[in-house]
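One-letter residues, chain by chain:
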Amino acid sequence: MSTGVWILLIILALVLGFVGGFFAARKYMENYLKKNPPINENMLKTMMLQMGQKPSERKLHQMMNAMKAQSAKKK
């Protein structure tokens with residue numbers, strides 16, 4: 001085989017690898033987010049009720065803002 005054919009095969013394999021990897025990663029993240037959804041205000045409210053606290057809107061917003069700030073800090 002000539003050098004041009006080898007280069008074409010390598011480029012084709014790379015493109016197929018990137019496309020396949022993209023869709024595999026996308027599927028993995030969709031499944032992960034289904035199993036472990038991000039925390040929202042309703043979940044926080046439920047957790048606070050289970051801990052015996054009476055959640056106020058102000059307290060929920062404070063906790064959500066604290067969690068957002070913490071996750072932004074990690075990135």
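As the structure is a computational prediction, the values presented were derived from the model and not from experiment.

Cut-off values and rules
Residues numbered from 1 in each chain as written. Predicted model: local features only at pLDDT ≥ 70, side-chain atom pairs only at ≥ 80, totals over all residues. Heavy atoms only, no water. Polar contact = N/O pair within 3.5 Å; in protein donor to acceptor, adjacent residues only side chain to side chain. Helix = DSSP H or I, 4+ residues; strand = E, 2+ residues; numbered from the N terminus. Phe/Tyr/Trp six-rings, centres within 6.5 Å; stacked < 30°, edge-to-face > 60°. Buried < 20%, exposed > 50% of the residue type's maximum accessible area, 1.4 Å probe, protein only. pLDDT = per-residue confidence, 0-100. Salt bridge = Lys/Arg side-chain N within 4 Å of Asp/Glu carboxyl O.

Quick word on helix α2 (residues 41-50)
One full turn of an α-helix is made of 3.6 residues, so residues set three or four places apart face in the same direction. Put simply, Asn-40 is the residue that caps the front of α2, since its side-chain oxygen is 3.3 Å from the backbone nitrogen of Asn-42. At the C-terminal side of α2, Gly-52 shows a positive phi close to 90°.

Structural notes on the packing of aromatic side chains
Applying the stated criterion to the full structure yields two aromatic pairs. Ring geometry for Phe-22 versus Phe-23: centroids 5.1 Å apart, planes at 75°, classification edge-to-face. Relative to Tyr-32, the ring of Tyr-28 has its centre 6.4 Å away and its plane inclined at 25°; by these criteria the two rings are stacked. Taken as a pair, Tyr-28 and Tyr-32 lie in helix α1 (residues 3-35) at a separation of four residues, close to a single helical turn. Using a relative accessible area of 55% as the deciding quantity, one classes Tyr-28 as exposed.

Quick look at the confidence of the model for the protein
With 97% of its residues at a pLDDT of 70 or more, the protein shows a mean pLDDT of 89. Looking at the elements of the protein, mean pLDDT is at its lowest for helix α3 (residues 57-74), recorded as 83, and at its highest for α1, recorded as 95.

What about the pattern of salt bridges?
Scanning the model with the defined rule gives one salt bridge in all. The closest approach of N and O atoms between Glu-30 and Arg-26, which form a salt bridge, is 3.6 Å. Placement of the pair is Glu-30 and Arg-26 together in helix α1, with a separation of four residues, close to one helical turn. Given a relative accessible area of 37%, Glu-30 falls into the partly exposed group. Judged by relative accessible area, Arg-26 falls into the partly exposed class, the value being 45%.

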